[in-house]
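Architecture and fold: a report
Okay, here's what each chain looks like letter by letter:
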Amino acid sequence: MFYRYSVISILIALYCSQLIASISVVYNMRISVITRQLLTYNQSDHHPHILIETPFGQFRRYNEGTRESDGGTISTYIYYQPSHYFSADVAFARITHQNENISIARTQMDDILLTGGYGHAIKERGRIAYSFLLGIPTHRDYFLEVVQFGSGHFGVGPQLDTAYRISSENTLFGAARCIYFIPRKAEQKDPCLPSYDYNNYKVRLGCLADLLVSYMKTWHTTNRCEIGYDATLGFAESISPCIPQLSDFKTFIRHSFFGAYIKNFYINKISNSIILGLSSGFDSRPKNFRALYHMTGWLSWSVTF
């Protein structure tokens with residue numbers, strides 16, 4: 001009997017962390033913003049299509065002992081012109097939740113993320129871009145079954161990107177966005193997990209907001225290094241009918257520090273780029289079930305044609 005209630009408590013902890021911050025890489029702003037820096041490379045020899053493949057790995061440890069890891073790959077297509085662009089991101093991963101007593105894993109696709117934007121120059125050194133994001137779920141909401149990759153919800157929202165060129169070798173970037181996730185019903189269909197009073201719950205993931213700032217250094221025209229900070233805020237989350245253990249988890253704040261190296265080169269007159277990136281940080285809210293630290297590493301290879 002004691003073991004049964006211990007397992008239920010662990011699962012409740014996993015539910016809390018999953019509601020607060022659904023695991024997704026297509027919404028990872030550090031990866032997407034750094035990837036878009038490729039649009040500014042070698043515009044004198046402009047080609048409108050970019051294909052990018054990004055293997056990645058992530059790890060998180062929560063203060064109540066849960067360990068969470070996932071690894072997979074992101075595939076990105078970007079069509080761009082000097083004044084506008086369109087991109088599509090798809091991803092899949094193997095995600096695992098672990099505790100001293102249980103280990104649960106699942107392989108799934110992430111949401112499909114479509115992004116379109118328009119940009120223009122501000123005087124001689126500045127640039128601003130306005131974008132709109134649409135996230136399309138590829139599976140039902142597995143929130144009540146603990147493990148899922150991707151939000152499982154439709155997401156919509158705007159994004160604003162800015163750049164200021166201090167000199168030919170130094171640039172400052174800023175980005176802000178807010179994504180609203182449309183509420184959706186979740187069902188518990190795994191007979192091995194503890195059941196609740198109702199078969200269906202309405203899950204509201206609320207809104208996900210990001211504020212990012214970064215600095216990029218360029219040398220020898222083909223080498224770049226970028227460092228920055230990203231603050232992520234999740235709010236207005238809820239589930240109904242109410243699960244008492246989740247009633248206090250409505251706001252989540254994550255702090256991430258990141259760095260990346262970008263190398264541009266040619267193979268048979270075809271423009272290629274490699275990005276090596278690393279991000280780490282922690283959650284400051286909620287006080288219970290927050291990530292004490294998290295790490296993300298990724299390696300991108302792009303081809304422009």
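Report on the accompanying structure. (Residues numbered from 1 in each chain as written. Predicted model: local features only at pLDDT ≥ 70, side-chain atom pairs only at ≥ 80, totals over all residues. Heavy atoms only, no water.)

Formed by 43 residues in total, the largest nonpolar core has its most connected members in Ile 34, Ile 50, Phe 56, Phe 149 and Ile 275. When contributions to this core are tallied by element, the ones reaching two or more residues are helix H2 (29-36), strand E1 (49-62), strand E2 (67-81), strand E3 (84-98), strand E8 (170-181), strand E10 (200-204), strand E11 (207-219) and strand E14 (251-267). Those residues in contact with Phe 56 that lie beyond four places of it in its chain are Val 25, Asp 70, Gly 71, Gly 72, Thr 73, Ile 74, Phe 92, Ala 93, Phe 149, Gly 297 and Trp 298. (Core = buried A, V, L, I, M, F, W, Y, C linked by side-chain atoms within 4.5 Å. Buried < 20%, exposed > 50% of the residue type's maximum accessible area, 1.4 Å probe, protein only. Helix = DSSP H or I, 4+ residues; strand = E, 2+ residues; numbered from the N terminus. Contact = heavy atoms within 4.5 Å.)

Aromatic ring pairs are defined here through the distance separating the ring centres and the angle between the ring planes. Tallied over the entire structure, the rule returns six aromatic pairs. On the numbers, 6.2 Å between centres and 35° between planes, the contact of Trp 219 with Tyr 261 is tilted. Of the two residues, Trp 219 sits in strand E11 while Tyr 261 sits in strand E14, which places them 42 residues apart along the sequence. Here the aromatic rings of Tyr 229 and Phe 257 are separated by 5.2 Å at their centres, their planes lie at 40°, and the arrangement is tilted. Of this pair, Tyr 229 sits in strand E12 (residues 223-235) while Phe 257 sits in strand E14, and the two are 28 residues apart along the sequence. When the ring centre of Tyr 142 is taken as origin, the NZ or CZ atom of Arg 140, which lies over that ring, is 4.0 Å away. (Phe/Tyr/Trp six-rings, centres within 6.5 Å; stacked < 30°, edge-to-face > 60°. Lys NZ or Arg CZ within 6 Å of the ring centre and 35° of its normal.)

A contiguous nonpolar patch, built from Trp 219, Tyr 261, Leu 276 and Leu 299 and spanning about 370 Å² of accessible area, is present on the exposed surface. A residue is classified by how much of its surface remains accessible, and Trp 219, at 32% relative accessible area, is partly exposed. (Patch = residues over 30% accessible without salt bridge, like charges linked within 9 Å, V, L, I, M, F, W, Y side chains within 5 Å. Areas by Shrake-Rupley, 256 points an atom, 1.4 Å probe, with all protein chains shown as cover. Salt bridge = Lys/Arg side-chain N within 4 Å of Asp/Glu carboxyl O.)

Here E1 runs beside strand E16 (residues 291-304); their pairing, made up of eleven bridges, is antiparallel. The residue of E16 that forms the bridge with Arg 60 is His 294. Remark: five residues form the turn of the hairpin made by strand E15 (residues 270-285) and E16, two consecutive strands paired antiparallel; Phe 289 in that turn has positive phi of roughly 60°. (Pairing = 2+ DSSP bridges.)

For the coordinates displayed, the defined rule picks out six salt bridges. Residue Arg 60 is joined to Glu 68 by a salt bridge in which the shortest nitrogen-to-oxygen separation is 2.7 Å. The residues Arg 60 and Glu 68 share a single accessibility class, namely buried. With a closest N to O distance of 2.6 Å, Arg 60 and Asp 70 form a salt bridge. A residue pair is termed long-range when its members are at least 10 positions apart, and Arg 60 in strand E1 and Asp 70 in strand E2 qualify at ten residues. Owing to a relative accessible area of 3%, Arg 60 belongs among the buried residues under this scheme. The class for Asp 70 is buried, based on a relative accessible area of 4%.

Of all eight residues that make up H2, eight are buried, and the element is covered over most of its length. Where H2 begins, the capping side chain belongs to Asn 28, and its oxygen is found 3.0 Å from the backbone nitrogen of Arg 30. (Polar contact = N/O pair within 3.5 Å; in protein donor to acceptor, adjacent residues only side chain to side chain.)

So, about empty space enclosed by the protein. Under the defined criterion, the tally for this structure stands at four cavities of 30 Å³ or more. Its boundaries defined by the atoms lining it, the second largest cavity holds a volume of some 150 Å³. Looking at the second largest cavity, it is lined by 16 residues, and the ones nearest its centre are Ile 31, Ser 32, Thr 35, Thr 76 and Asp 89. Elements represented by at least two residues in the lining of the second largest cavity include exactly H2, E1, E2 and E3. Broken down by element, the lining of the second largest cavity gets its largest block of residues, four residues, from H2. Here the residues of the lining of the second largest cavity sort into eight nonpolar, six polar and two charged. (1 Å grid on protein atoms, 1.4 Å probe; cavity = no way out; pocket = protein on both sides within 12 Å on 5 of 7 lines; lining within 4 Å. Points joined across faces, edges and corners; volume = space filled by probe spheres on them. Nonpolar A, V, L, I, M, F, W, Y, C, P; charged D, E, K, R; others polar.)

Residue placement: Asp 141 occurs in the loop between strand E6 (126-136) and strand E7 (155-167). Buried Asp 141, no salt bridge; nearest opposite-charge side chain is Arg 184, N-O distance 6.6 Å. A polar contact of 3.3 Å, which involves the side chain of Asp 141, links it to the side chain of Gln 148. Dropping the residues within four chain positions of it, Asp 141 is found in contact with Gln 148, Ser 151, Gly 152, His 153, Arg 184, Lys 185, Ala 186, Glu 187 and Val 203. (Lys, Arg positive; Asp, Glu negative; His and termini not counted.)

In this section: the sheet that holds strand E9 (residues 184-187). Ordered in space as E9-E10-E13, the three strands form an open sheet in which the pairing is antiparallel. Each edge of the sheet is formed by a strand with only one pairing partner; in this case those strands are E9 and strand E13 (238-240). Sheet twist, expressed as the average angle between the axes of neighbouring strands with direction ignored, equals 35°. When E10 meets E13, the two strands line up antiparallel, connected through three bridges. Paired with Val 203 across the bridge in E13 is Ile 239. (Axes fitted to C-alpha atoms, helices over the stretch in contact; angles between N-to-C directions.)

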